[in-house]
Amino acid sequence: MATAAKRNPELAKKLLESIQNDLRTLSAETKRKHPEVKESAETMQLKLRTIASKNENVITGLIPASSEVIQPFILGCETKNPKLVHTCLVSLQKLISYEAVSTAAADAIIRTLWNLMEVGLEELKLLQTAMLLITTNSVVQHDSLAKALVMCLRLHFTKDSTTINTAAAAIKQLVSIIFDRVVTEDKIPTNEPMEVLDGLELKTGSKTPPKSLHPCAGDAYLLFQDLCQLVNADQPFWLIGMTEMTRTFGLELLEAVLTSYPTVFTQHPEFSFMLKEKVCPLVIKLFSPSLKYRQGLPPAPSPTPVEKPFFPIVMRLLRIVSILIRNYYTLLTTECEIFLSLLVKFLDPEKPIWQRCLALEVLYRLSLQPHLLKNFCQSYDMKLHSTKIFRDMVNGVGSFIQFQFMNPPGGPAAQGSCKLPDTQGLPPALVAGLPVGGGMSPQAAFMYRGVWIPIVAIIPPGQTKPVFLEQLEKIEPPNIPEGYGVSLAFYCLLEMVKSVEILIKGQTTKTKEAVQKKKTEASETPSEDSNQSANLKEELINSSWCGMLAALSLLLDASTDESATESILKSQQIYATLCGILGMNTPRDAFITALCKASLPPHYTLTILNTSSSTSPKTLIKGYSQDQVGMEAVERSQVVAVGTPLPTASLPVGAHQGPVMLTAKNIQCMRSLLSVAHCHGSILGTAWHLVLTTLQHLVWILGLKPSSGGSLKVGQQINESANAVITTAVMADLPVLSSMLSRLFESSQYLDEVALHHLIDALCKLSTESMELAYSNREPSLFAVAKLLETGLVNLSRVEVLWKPVTAHLLEVCQHPHMGMRTWGAEAVTSLVRAALSYKFDPPLETNVKLQATVLSPLHELSSIHQLDIRQKQLECVLNILHNNGDTLSHGWPQVLDVIGAVDNSQGEKLVQTAFQCLQLVVTDFLPIIPSVYLKISVEVAASFGLQNQELNVSLTAIGLLWNISDFFYQNRERIKQELDERQAGDGHDGETVQPFDALWMCIFTRLGELCVDPRPAVRKSAGQTLFSTISAHGALLQQETWKNVLWQVLFPLLERVKKFSSSASTQKDSQSSGNILIHHSRDTAEKQWAETRVLSLAGVARTFNSKKSILQQLGDFPRAWSLLLEHIECAALCLNAEVSLAALKSFQEILHNRDPKDLPKRSEDSSQKTSIAPPMEEVMSRTGEVITSNKGTSSSSPSSLSSPSCSDSEGDLCLWTSAWKVWLNIGVMATKPPDVVDKSENMYVPSQNFLTALVQTFPALFEHIRCRFVLMDLQKLSSVLKSALSIPVQGEMSPFIIPTYPEVTITPLQEATLQAVQVLIKTVTSGSESMQAMLPDIFTLLLTYVEFGIKAPKYGHLETKNFGSVRGPQVDWVTMNFVPFSERAVEIVVDLYVSHADHPAVISNHVLQKIIKTFRLPLSLKYSCPSASTWILVINSLFTVLNVGLPIAEKHDAACVSMWTELANAFEDFLFSKSPSPPTQSVEDFQRDEAIDCKVVHVIRDDILPHAHLVPQDFVVRIMDILNKGSIHSTTSDSFVDTESSRKLREDFAKTCFETLLQFSFVSKKSDTKEGSITKLAVLSLLQRCQEVVKKYVEDERLSGKCPLPRPRLAEISSVLKAITTLLVSLKKAPPNNIKHNVWQQVIQLYPSLVECTTSSSPSVCRALKEALHEYKDLLAPPTTPSVHNGM
């Protein structure tokens, strides 16, 4: 205001007016009683007007005259009139306010105020005026200032409370103003020389300040000196007039000065000296009662009683100590050591609780200052012989906490004499382990060993406002709330942890004060040696960690509040981290162990973490049972999970099987542990094992099980097991915990390599322990394996670092006998491999061959593990790799293919299927990208699947894959060959015989060859088909030398092995191998199945020889190969197995057919020479082995399709075919040879019809190659083979399938083939040279033999057979073939051949016609007894044809045909008068047909023979006449009277024809002197004689029969005779009379009576015939009118 007044005249004018008004008022009030005052006031009014008129600035003019100006007011105050005093003081305050008072005036005012104080007037106004006077400016100094202070101090001790309080405030403000002046004074620069500090003068004390101080500093010095004197109960030097002073108020003033003005004490040595020499001894002295007093203990013997500590003094002393330590540590290092030791001493249990709490509050304040703790450690703990202050502080706080739980409130150490409630120190009602009151929420507290201590939230964390240090108004010790001390100690520890963290790690969140402090420290210590810094940090930990760990562990164990627990855990985390950062393993492990123990249920630590540090805190309270500890743990925190403990190797089997409980605090600790590992994993080192062991046990109890990628999920068995209970509260947290666990191991990607190795080593060690546990058949934990996987997955960026140790251990896990253990080991290995292959490496994995091999190596090594589940996992991984990374495998294919192919017969069906699925994918999708050098491996793998015996379908499909692979080779032949050749050139193997591409084919052929002898028939069949199809389709790609290898390394060894296995195969049915599957009888034994294989193999080799003959013939050893093939064919053909033998013949046929590509349309030579690799253009083979050629006629087996002239073959070829002919003959002879002895008890081998048919069918093709050297002896051998083949019967049970039914008789295939062979032979012979045509008689002989077979089937050795047609069902062993159709065909061939070559000399000279007639006589004589009616009909017709051609030739060459006529006569007689009757069921049409044939024979005699009777032998003519005579009359062969036959059976036309023929050549029409006529006359007489006998016999029989009619044949016979008589009579009448002898007529007339006897016949037919005969006699009854009458005599 004064400054403003100086600047503003208006304000100064107002002041002047106000003072004048006050003077007028004062004058008016004092005019009666105090005239001197009135006079002085009026005088001053005039003076003020003068000052105002003279000075522009009124204030400036007032200050020099201020002593006079204040005089009226001074006089007014001296009146002691309250009203006047009040008025005057107000006016004085106005002047003081405007700083219009000089020093002298100020002194006068002080004196006036002192006087007023002594009389007790306006005390408050006095204080106000004094305050205003001192605070406005610095005019009051030295003694006046001291007097003003003394006045205020004396007013402070009046009886009025208002005055006391106002005075106290005034005093404090005055003290502050005094020291503020010093600060201001120090800021003013001065050049005045200062005197040297006199220490002795300072020590003794004085009422004058040291001369080395400035005035304001001197006043402050004297004030502080006297305050120390007063507190120490000594007389002041400067504050004269003090009558009373309290120690508490003095301490408060000292504290205020020390708190607010540390710079004064640090900048002025005088003040610093006073701190050391006055304040510190004073504090120590005043602490004496507190140090000596021991509450609750008997007093020690002493001459003087121990003074009891006084709360106000102790509290204020501790406040001062706190300030001294915080603000003046650098000045008072030694003294602070004492103070700190005292503070720790105050925490002793024998000290009152309030004193301990006050000490804790001070320690709490100190804990908030990191730089203080740093100084403590540097100054004390790091000194060899110094007190370990920082350690003692931590230990003291910890001991306080421990003692509180050992001696709960209310015990002997309870505070004062206050009687506490009996319930103090005991827990209130518990709900779920949390203390609650009525309507109250659970209270935070500590509970340990039955002691319940609540947590009092007294100080917000990080703030310095303690409770009891601020209770300055208290005189008696306050009642300390329950739990206050423990809570305060708890917060103190937390702040110490934070400060240590700041000191070691650096400030993160900095307050302005901390920043300023740091700047100060930086200015004081511009540079700090790094080694000293490291030593300091280590000392901070070494001094504090034991006590800190003990206290925090106890608090953590006792905590029931989640927030408090979190704070404790945070502190332990910090310390563990700091220890790790500094490389202090022992304390680090100790804190980690504490966290681990807190995470586990009670008692778990006794066995699980028994290897922890020996410095871990011990149990504090003895005599507490484990059950009580467990129950108390439940009370402290809610139980959230009950589960079974994880067994450990250190415990015997069966131990720890009871359920264990996890509380919410355990889960909270687990989170903290996870946080440490997650955020600070790099410093854990070997402590990883502790952490992971604990996490493993917690995960086990919570029931978390590994899932994909190594993360943990809630297992299904949690809710199913009776021993596992998870509350709803924690169920929601389980995914969070699982996620935290995963993040923990995900964060390992940020660890350095050393830390990562520590983590991996710990996981491996943990996994090894689990493996050891599993060996004892206890359920192991899979935690370590799962987390190894998770760690590996997130660290693929540095795969070189972790791959080998991780995968090496996982491979050990995979070999564990425990299924769950090894399954997860395999899951981990496969997951890592999949992830690594998908990871984007730089450079890419496909270009880094070594890294790719390293990545795939673990997967490959799994193949050595024989457990099926491991292999299954391995193969599923391979399948996944193929789907996702197949296009980038590059040089990893060998390992992948090795894994796929590592199947053996001990592995299950499912495993084989999975592996094969992988192979199918490779072959289907990846063959084009597999480097050519690895293609051979794919062939080997596919072949290995074909060889496995677990799954037949897989083997078959694998063979199909080999076909696909070969097709791929063919389609990509140019690229593959080029790559292989380049690789070979690069490897320096150019000189090898077999080219790499051919070696690839040889690999396929070899493996297929091995599959062709597999024990399973289906595999052999498929492999064989594929092998030969592959050779046929792609064989043209092979070099000549490779073909040699194919022959001698694949094909012939295959034939040899198949032959060996086939010959030794079992003939017993194998019911085990077939199981319930129905197997055809043709494949129900191993022998039959191997027979099929042999068939396929032989056929394939033969087909290969045939189709590749042009290539094979270029080989030098082809003749040897040809001979060996023929040897195999012969051996197989002579095999006793019908299927094999038949197939051998078909193979024989195959090599005879010309399928050589040279006979196909030739390609241009230019195109064939462009490249050595060309597709096979001669044929395409289907998978079934059938050949489809471009020339459709090539595959036909008909003779017309064979190449015509074979004699153009070279000499070498002829030798080859000659060998083949010899083999054929040998097969024919040996196969058709009948058995020497027939033993029905044994199964006798007889060649099948199919075999024989094939054998015969082979001949035409073979004959085409050998006909130019075919001779008569070969024909004879051939004939022998053919006859033997035809004579072989059919097995009875097979006959219905081979022999057609009787009404539908057809020629059999064998017979057809035989006839075709003969026709081929005939064709060649007839068109051949004379020497070949000389074979015609032998051919006729062969054919006539076949004709005989139709009448009489040939015998097969001594084998008993049944004829065809007599078999009814398969009850017989052997059945002869039906030769009727065959014989008839042979007849036709004979006729055709004879017709065309009847005049051939060889035919005539060898009596072929006679042989034909003789052979034909057999069926003609049998006639109706022939097996088939068609036979004799065909033969008789054929005879007609032969006679038509042969008779003229025979008549010309009568000498060569003499014996033929006899055979002919016999044939006619045997046929016309056959001994076999016609069948009774013969129809009229058939009878008439047969009769017409008979008539035709007579016609032949009549037309072709009798006209040339003079050219034929006489005996033959006589025989012919007898035959005609015999046939001219019907004759009956039965005398029975029963009419059983019909007259239709009588050959009336035949008889008539015979008779007419007889008559035609008799004397009736010829001259009598002819030779023929005489023979005919005899025939007529013989005929009449025979008629006579028949008629007589009929008459007699009719007479004897009576009324019973004669049989119809008798009636027919007599009718025929009567008709013959009629005809004869007619002929005789017409004949020239000279030709008829007399005796003929006599014979006719003698017959008449007999005819008359027949008139009694009752038969109409007889009567008709008789009537006609008798009518002819009419001409004989009248005498003749001509000379012919002599005929009637």
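Participant: Kindly report on the overall build of the chain, identifying the contributing residues and their values.
Facilitator: The number of helices and strands found in the chain is 72 helices and 13 strands. Carbon and sulfur atoms make up 53% of the accessible area of the chain, which totals about 73,400 Å².

Participant: Outline the pairing of strand β4 (residues 451-454), supporting the account with residue identities and numerical values.
Facilitator: Going residue by residue along β4, you find V451 and I453 tucked away on one face and W452 and P454 tucked away on the opposite face as well. Bridge analysis of strand β3 (residues 445-448) against β4 gives 4 bridges, and the strand direction is antiparallel. Counted as the bridge partner of F446 is I453 from β4. Between the antiparallel neighbours β3 and β4 lie 2 residues, among them R449 with a positive phi of about 50 degrees.

Participant: Tell me about the sheet that holds strand β9 (residues 725-726), and please be specific about residues and values.
Facilitator: Pairing within the open sheet is antiparallel, and its 3 strands lie in the order β6-β5-β9. At either margin of the open sheet sits one strand with a lone partner, and together these are β6 (660-663) and β9. With 2 bridges joining them, strand β5 (residues 639-643) and β9 adopt antiparallel strand pairing. Bridge assignment links V642 to a residue of β9, and that residue is V725. The sheet contacts of helix α29 (residues 664-680) involve β5 and β6, and relative to β6 the element is tilted by about 65 degrees.

Participant: I'd love a proper account of the packing of aromatic side chains, names of residues and values included.
Facilitator: For the structure shown, the criterion picks out 48 aromatic pairs. Their ring planes at 45 degrees and their centres at 5.6 Å tell us that W893 and F926 sit as a pair that is tilted. Residue W893 is found in helix α39 (residues 893-901), and its partner F926 is found in helix α40 (residues 909-926); the two are separated by 33 residues along the sequence. An identical accessibility class is assigned to W893 and F926; each is buried.

Participant: Could you give me a rundown of the environment of V182, with the residues and numbers involved?
Facilitator: Topologically, V182 is positioned in helix α11 (residues 161-187). In this structure V182 comes out as buried when scored by relative accessible area, which is 0%. If we ignore the near neighbours within four places in the chain, the residues touching V182 are C216, A217, A220, V264 and H268.

Participant: Tell me about the packing of helix α33 (residues 753-775) against helix α34 (residues 783-794), and please be specific about residues and values.
Facilitator: Packing of α33 against α34 leaves a shortest axis separation of 8 Å and a crossing angle of 155 degrees. Put simply, α33 runs roughly antiparallel to α34. Between α33 and α34 lies a crossing whose hand is left-handed. Taken together, the residues of α34 that come into contact with α33 (itself represented by L756, L759, I760, L763, C764, L766 and S767) are F783, A784, V785, K787, L788 and T791. Split by residue class, the contact of α33 with α34 holds 10 nonpolar, 2 polar and 1 charged.

Participant: Quick one: what's the story with helix α23 (residues 484-505), residue by residue and with numbers?
Facilitator: The first and last C-alpha atoms of α23 sit 31 Å apart over 22 residues, in line with the 32 Å expected at 1.5 Å per residue. With respect to burial, α23 is a largely interior element, 18 of its 22 residues being buried. Positive backbone phi, at 100 degrees, marks G506, one or two positions downstream of α23.

Participant: Tell me what's going on with the side chain of S27, and back it up with residues and numbers.
Facilitator: The topology assignment puts S27 in helix α2 (residues 9-30). Judged by its relative accessible area of 7%, S27 falls in the buried class. In this view, S27 contacts K38, A41, E42 and Q45; residues no more than four positions away in its chain are not counted.

Participant: Please provide a residue-by-residue account of the pattern of salt bridges, values included.
Facilitator: Enumeration over the complete set of coordinates arrives at 33 salt bridges. As a salt-bridge pair, K172 and E252 come within 3.5 Å of each other at their nearest N and O atoms. Placement of K172 in helix α11 and of E252 in helix α14 (residues 247-260) is noted, with a sequence separation of 80 residues between them. Here E1469 ties to R1519 by a salt bridge, and the two come within 2.7 Å at their closest N and O atoms.

Participant: Help me get a handle on the side chain of H34, residues and values and all.
Facilitator: Within the secondary structure, H34 is located in the loop between α2 and α3 (35-54). Those residues within four positions of H34 in sequence are excluded, and the remaining contacts are T79 and L84.

Participant: Please give an account of the nonpolar core that cites residues and values.
Facilitator: Ranked by size, the top nonpolar core spans 495 residues in total, and within it L324, L882, I900, F945 and F1105 carry the most contacts. Here this core gets 14 residues from one element, more than from any other, and that element is α23. Apart from residues no more than four positions distant in its own chain, L882 is found in contact with L889, W893, V896, I900, C918, L921, V922 and F926. Core analysis: the next-biggest nonpolar cluster, separate from the first, contains 30 residues, V1580, Y1594, V1640 and L1666 among them.

Participant: Would you mind going over the environment of V1517 in detail, with residue names and values included?
Facilitator: Note that V1517 resides in helix α66 (residues 1514-1528). Of the residues examined, V1517 reaches a relative accessible area of 7% and is grouped as buried. For the pair V1517 and A1465, spaced 52 residues apart in the sequence, the C-alpha separation amounts to 8.9 Å. If we skip the residues at most four places from it in the chain, V1517 touches A1509 and V1512.

Participant: Please set out α33 residue by residue, giving values where relevant.
Facilitator: For α33, spanning 23 residues, the distance from its first C-alpha to its last is 33 Å, which sits close to the expected 33 Å at 1.5 Å a residue. Phi for N777, located one or two positions after α33, is positive at around 65 degrees.

Participant: So what about the state of the cysteines? Which residues, and what values?
Facilitator: By definition, a disulfide links two cysteine residues through a covalent bond between their sulfur atoms. Per the counting criterion, the structure on display carries 0 disulfides. The thiol of C88 is unpaired, and the distance to the nearest cysteine sulfur, on C77, comes to 4.6 Å. Of all cysteine sulfurs, the one in C546 lies closest to C579, which takes part in no disulfide; the gap is 9.8 Å. Looking at C579, the relative accessible area reads 0%, which means it is buried.

Participant: I'd love a proper account of unusual backbone geometry, names of residues and values included.
Facilitator: Put simply, D842 and P843 share a cis peptide bond, and its omega is 0 degrees. Among the structural elements, P843 can be located in the loop between α36 (819-838) and α37 (849-861). Phi at E122 is positive, roughly 45 degrees, even though this residue is not glycine. Checked against the element boundaries, E122 lands in the loop between α8 (103-119) and α9 (123-136). Of note in this structure, S890 is not a glycine but carries a positive phi near 55 degrees. As for its placement among the helices and strands, S890 is situated in the loop between α38 (868-885) and α39.

Cut-offs and rules
Residues numbered from 1 in each chain as written. Predicted model: local features only at pLDDT ≥ 70, side-chain atom pairs only at ≥ 80, totals over all residues. Heavy atoms only, no water. Helix = DSSP H or I, 4+ residues; strand = E, 2+ residues; numbered from the N terminus. Areas by Shrake-Rupley, 256 points an atom, 1.4 Å probe, with all protein chains shown as cover. Buried < 20%, exposed > 50% of the residue type's maximum accessible area, 1.4 Å probe, protein only. Pairing = 2+ DSSP bridges. Contact = heavy atoms within 4.5 Å. Axes fitted to C-alpha atoms, helices over the stretch in contact; angles between N-to-C directions. Phe/Tyr/Trp six-rings, centres within 6.5 Å; stacked < 30°, edge-to-face > 60°. Parallel < 35°, antiparallel > 145°, perpendicular 65-115°, else oblique. Left-handed = near helix turned anticlockwise from the far one by under 90°. Nonpolar A, V, L, I, M, F, W, Y, C, P; charged D, E, K, R; others polar. Expected span 1.5 Å × (residues − 1). Salt bridge = Lys/Arg side-chain N within 4 Å of Asp/Glu carboxyl O. Core = buried A, V, L, I, M, F, W, Y, C linked by side-chain atoms within 4.5 Å. Disulfide = S-S within 2.5 Å.

Geometry only, nothing functional implied.
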